[in-house]
Amino acid sequence: MDFSLTDDQKMIRDAARRLTKQTLQPLLENEPNDKPLSKLVMNEIFGHLSEFGITAMRLPEEHGGSGMSMVDYGLVIEELPPVVALALISHDGSTARISAGASQALREEYLPDLISGKKIACTATSEPMAGSNSNAIKTQLDIDGEIARISGRKIWITNASVADLFIVTCTSGQDENGKPRNHRIIVDRNATGLDVTEIPLTGLRQGHLSEVNLDNVKVPSSHIVGEPGDAGKYMTLMWNGNRPLLGLSSLSIAREAFHLALEHCLNRHQFGRSLAEMQLVQNDLAEIETLIESARLLCFKALYSIDAGQRSNGVSAMAKRLATVNSTRAIDLCMQLHGALGISTEMGLEQMWRDARVFQVPDGTVGVLSLIQGREITGKGAF
């Protein structure tokens, strides 16, 4: 087993690092850090992501995808600003869901603008009474010949307020076996009856999380993607990829906090010596590094399992759970090492903690992820 990066992977990582340092981070720093980025700024960001070739990482190459592995994707994600990474993961996963099972006409209509970054996509699945349980979806789909009508309420939708395109999960009832007939359907932003409201968050405040209301929204029935009942399958496939990617983005915040803590401990002197020379401080630094590195390895194991075509439900759930929990724990220890500075806004550590904490929610909370892993271990569902 070789943990070293290939020359190509080093080039990908270093290029992503330069993209962040030279282009993306300056863009973010020019905007208020406590308000969602404007549509104009997000379009500029996605233009840069497109030039880098990562707006459609999970699309097959024959449909315009990058051809990069999920492991390579992870190397890119952990170098991007977390708020950008979250938006990209949502867009890329939504693009893959739109493409999977779509007609050639739909691919030709929508994929070019999604790949070029001219349009931003989002997935609208979660509802007030249906989060991780996609079978509880209540958003209604009524099909009348060439017209489909959608009514329902979606919540906690990443990218919704800046999206040009929604891939909406909805239901047309139950099949003969009593299983829900969930569908995927493409809805344009300008559709009549579609309303989006931003939800303020404790962290990642430059990002976009919203409530979406669909009031008798009419779309062509040709915009239905795939087969009735397959929405859950493709949602799970996207979640399995998203979870370790979100974990890596969360860990990137903890890694930045660790660098700040190490520098502080090397330069701060108490009782005639640097903090770095004190035993308990060294113990905390060792614990922080272990929290980050152990979770990072597990995230890459999950991504490798996807590349290898292995069942990844359990390991992906485990990776995100460990990574997001370890991130907030690591940042908390960094705050402790900084003393009073750790709770000041000056250092930015409190903002890092709040940003990292947000990652515990998307695509499965800590408790739900434990149950998914437990189901894989025992073969018995606790849901």
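Residues numbered from 1 in each chain as written. Predicted model: local features only at pLDDT ≥ 70, side-chain atom pairs only at ≥ 80, totals over all residues. Heavy atoms only, no water.

1. Some details on the overall build of the chain
Each helix and strand counted, the chain has 10 helices and 10 strands in total. Its C-alpha atoms give the chain a radius of gyration of 21 Å, near enough to 21 Å, the size a compact globule of 383 residues would have. The 383 residues of the chain split such that 51% are buried. If you sum the accessible surface of the chain, you get close to 17,800 Å²; carbon and sulfur atoms cover 51% of it. One finds the centroid of the 37 positive side-chain charges in the chain at a distance of 5 Å from the centroid of its 46 negative side-chain charges. (Helix = DSSP H or I, 4+ residues; strand = E, 2+ residues; numbered from the N terminus. Rg over C-alpha atoms; globule rule 2.2 N^0.38 Å. Buried < 20%, exposed > 50% of the residue type's maximum accessible area, 1.4 Å probe, protein only. Areas by Shrake-Rupley, 256 points an atom, 1.4 Å probe, with all protein chains shown as cover. Lys, Arg positive; Asp, Glu negative; His and termini not counted. Charge placed at Lys NZ, Arg CZ, Asp CG, Glu CD.)

2. What about the pattern of salt bridges?
Inspection of the entire model under this criterion finds 12 salt bridges. For Glu79, the salt bridge goes to Arg255, with nearest N and O atoms at 3.9 Å. Highlighted residues: Glu79 in the loop between α3 (70-77) and α4 (82-99) and Arg255 in helix α6 (residues 231-267), separated in sequence by 176 residues. When the shortest N-O distance is used, the salt bridge between Arg184 and Asp230 registers 2.9 Å. With Arg184 in strand β5 (residues 180-188) and Asp230 in the loop between β8 (224-225) and α6, the pair connects residues that are 46 residues apart, well separated along the chain. Each member of the pair Arg184 and Asp230 is classed as buried. Several salt bridges converge on common partners, so that one network encompasses Arg17, Glu79 and Arg255. (Salt bridge = Lys/Arg side-chain N within 4 Å of Asp/Glu carboxyl O.)

Interpretation in functional terms is not warranted from these geometric data alone.
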